[in-house]
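# Structural overview for review
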Amino acid sequence: MKDDASVVEALRRAFVFHPDVPDSKASCPEPEQIWDAAHGDLDPSQTREVVGHLRGCASCAAEWSAAMGEREEPAEMNRAALAARRPIPPRRGLPTRWAWAAAAALLIVAAGGLAILVQRPFGTSDTSGSRTGAETGVRPLVADGETLPRERFLLRWEPVEEGALYSVKLFRPNLTPVSQARNLQQPEWLVPVETLSDLPSGETLAWRVEVQLVDGRRLMSGAFLVRLE
Amino acid sequence: MPSRPTDPAPRPGPFDLSADDPGLIRGELRRQITRFCPARLRNNLEDIVQAAWIRLESSRKKNEGNPSLGASLIARVAFCATMDECRRLRRRREISLEDGGIERTAQASDDPAAAAQGLEIRRALEECLTSIAENRSLAVTLHLLGHSVGEAARLLGWTASRTENLVYRGLADLRRCLAAKGITP
């Protein structure tokens, strides 16, 4: 069974996979351009052109990856996802285990801590998962799966440190953003009632907190569950 | 041209082509090329080093007033010379497809079934990445290449918050697109 880290790595490998197609097309950027773009030495508009090319050119994507050199650390968003360290269960009816692994990686990357939600039913009282955000020091003051009234949908958590700023995102189970708040000084957020008006009663939502510490570091919590009354 | 049986230890800081031992600079060049060079191209290593050396000389001549070469410039020259050689040989089909272009990406070829599935996923990723909104797609592409949000924001010229938002939304789009292609968790 692959763990989250290897799944994410598999997706990345797939992206720079060298396919059986003619490559080094006339339209390919020169290696100099790829190097300069990957190292931030190109104008952003030129970089966007190069990156746009990478989407459909595996060989250039592989060159970009090589130009980045030996990067031991995964991207910060992945670190948040990998923090869960929860193995991905096998599913039936999928084309291949690899395909499932790559697709699961997408889900994990997309959802961060929300990946945990996909692996278990919503609203259960199981609190053994690592989505509690303990890794980042964010502890929710709303019970797991607690039902909150639409008019006072107050998300609260323990303060991390004095002077920290908090950003919060609220998602639906399909990962559609519902609402978000940025740079909150207090460890709580009253979700605007109008952003909840289209949601059905009983809907389970997920929320996560990003903390900007005084020294500039950013921490991302896992995902927490809450139910709409 | 002097050659060394073993490369000298890497030296941080600038190299001075006019003053430093050419063997020292050539050794650094070889060390950098070895980082980028696929195993199957190792037989061409000296050719690549030579091509890179010529590039380096040319670069120095363009900057006569400043003969010193930063380690990053040497790495850039090494990378470009190596990739040029890869591209040239691939065009000539001297590198078989099983070898892969960049060695680190060839690992999946150890298992043909996994390689075929990897290719399938890669093509699906390509199709999906080119079908979602442009800016989201760019942000997600850099994310898949291992860049942090901060790095991607800097490279693409956007704010970190905007980039983060684009990555999140782009990944959601990507997931939907892959699901539509039958790749669903």
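Bear in mind the structure is a predicted one, so any value in this text is a computation, not a measurement.

What counts and what doesn't
Residues numbered from 1 in each chain as written. Chains lettered and ligands numbered in written order. Predicted model: local features only at pLDDT ≥ 70, side-chain atom pairs only at ≥ 80, totals over all residues. Heavy atoms only, no water. Axes fitted to C-alpha atoms, helices over the stretch in contact; angles between N-to-C directions. Helix = DSSP H or I, 4+ residues; strand = E, 2+ residues; numbered from the N terminus. Parallel < 35°, antiparallel > 145°, perpendicular 65-115°, else oblique. Contact = heavy atoms within 4.5 Å. Nonpolar A, V, L, I, M, F, W, Y, C, P; charged D, E, K, R; others polar. Phe/Tyr/Trp six-rings, centres within 6.5 Å; stacked < 30°, edge-to-face > 60°. Buried < 20%, exposed > 50% of the residue type's maximum accessible area, 1.4 Å probe, protein only. Lys NZ or Arg CZ within 6 Å of the ring centre and 35° of its normal. Salt bridge = Lys/Arg side-chain N within 4 Å of Asp/Glu carboxyl O. pLDDT = per-residue confidence, 0-100. Disulfide = S-S within 2.5 Å. Core = buried A, V, L, I, M, F, W, Y, C linked by side-chain atoms within 4.5 Å.

Another aspect to go through is the packing of helix H3 (residues 44–54) of chain A against helix H4 (residues 58–67) of chain A. Geometrically, a packed helix pair is captured by the angle between its two axes and the distance between the axes. All names here are of chain A. Following both chains from N to C, one finds H3 and H4 inclined at 125°, their axes separated by 7 Å at the closest point. As summarised for this structure, H3 and H4 are arranged oblique, according to the angle between their axes. Within the contact between the two elements, H3 uses Thr47, Val50, Val51, His53 and Leu54 and H4 uses Cys60, Ala61 and Trp64. Here the residues of the contact of H3 with H4 sort into six nonpolar, two polar and no charged.

Let us look at the packing of aromatic side chains. One pass over the full model with this rule turns up five aromatic pairs over all chains. Relative to Phe36 of chain B, the ring of Trp35 of chain A lies with its centre 6.0 Å away and its plane at 90°, an arrangement referred to as edge-to-face. Placement of Trp35 of chain A in helix H2 (residues 31–38) and of Phe36 of chain B in helix H1 (residues 22–36) is noted, with the two residues assigned to different chains. Pair check on accessibility: Trp35 of chain A and Phe36 of chain B agree, each one buried. Residues Trp157 of chain A and Tyr166 of chain A carry aromatic rings whose centres are separated by 5.4 Å and whose planes lie at 70° to one another, so their mutual orientation is edge-to-face. Here Trp157 of chain A matches Tyr166 of chain A in class, with each residue buried. Members of the aromatic cluster, joined through ring pairs, are Trp35 of chain A together with Phe36 and Phe79 of chain B. A cation over a ring is seen here: Arg26 of chain B above Trp53 of chain B, with NZ or CZ 5.8 Å from the ring centre. A cation sits over an aromatic face here: Arg162 of chain B above Trp158 of chain B, 4.8 Å from the ring centre.

What follows covers the pattern of salt bridges. All chains considered together, the criterion is met by 12 salt bridges over all chains. A salt bridge links Arg76 of chain B to Asp36 of chain A; its shortest N-O distance comes to 2.8 Å. Placement of Arg76 of chain B in helix H3 (residues 71–91) and of Asp36 of chain A in helix H2 is noted, with the two residues assigned to different chains. Since its relative accessible area comes to 23%, Arg76 of chain B is described here as partly exposed. We classify Asp36 of chain A as buried; its relative accessible area is 14%. Note that Asp84 of chain B is salt-bridged to Arg55 of chain B, the shortest N-O span being 2.0 Å. Here Asp84 of chain B is found in helix H3, whereas its partner Arg55 of chain B is found in helix H2 (residues 45–62), with 29 residues between them in sequence. Residue Arg55 of chain B is classed as partly exposed on the basis of its relative accessible area, which comes to 25%.

The subject of this paragraph is the confidence of the model for chain A. Chain-level pLDDT for chain A is 67 on average; 56% of the residues reach the 70-or-more range. Confidence over residues 70–136 of chain A falls short of pLDDT 50; this stretch has 156 contacts with residues more than four positions distant or in other chains.

Moving on, we get to the confidence of the model for chain B. Residue and element names in this part refer to chain B. Residues with a pLDDT of 70 or more make up 69% of chain B, whose mean pLDDT is 76. Across residues 1–12 the pLDDT falls below 50, and counting only partners more than four positions away or on other chains, this stretch makes 20 contacts in the model. Across residues 94–110 the pLDDT falls below 50, and counting only partners more than four positions away or on other chains, this stretch makes 36 contacts in the model. Predicted as a complex, the structure gets a pTM of 0.54 and an ipTM equal to 0.79.

Next up on the list: the state of the cysteines. All names here are of chain B. Applying the stated criterion across every chain, the model contains one disulfide over all chains. Each sulfur of the disulfide joining Cys128 and Cys177 lies 2.1 Å from the other. Its torsion about the S-S bond being -85°, the disulfide of Cys128 and Cys177 is classed as left-handed. In this pair, Cys128 is assigned in helix H4 (residues 112–131) and Cys177 in helix H7 (residues 160–180), connecting sequence segments 49 residues apart. With respect to class, Cys128 is no different from Cys177; both count as buried. Residue Cys37 stays outside any disulfide, its sulfur separated by 6.4 Å from that of Cys86, the closest cysteine.

Moving on, we get to the nonpolar core. By size, the foremost hydrophobic cluster in this structure holds 61 residues, and its most contacted members are Trp64 of chain A together with Leu29, Ile33, Phe79, Leu142, Leu145 and Leu174 of chain B. It is H3 of chain B that provides the largest number of residues to this core, a total of 10 residues. Residue contacts for Ile33 of chain B: discarding those within four places in its chain leaves Leu45, Ile48, Val49, Ala52, Ala78 and Thr82 of chain B. Core analysis: the second largest hydrophobic core is formed by 25 residues, Ala181, Trp189, Leu213 and Leu228 of chain A among them.

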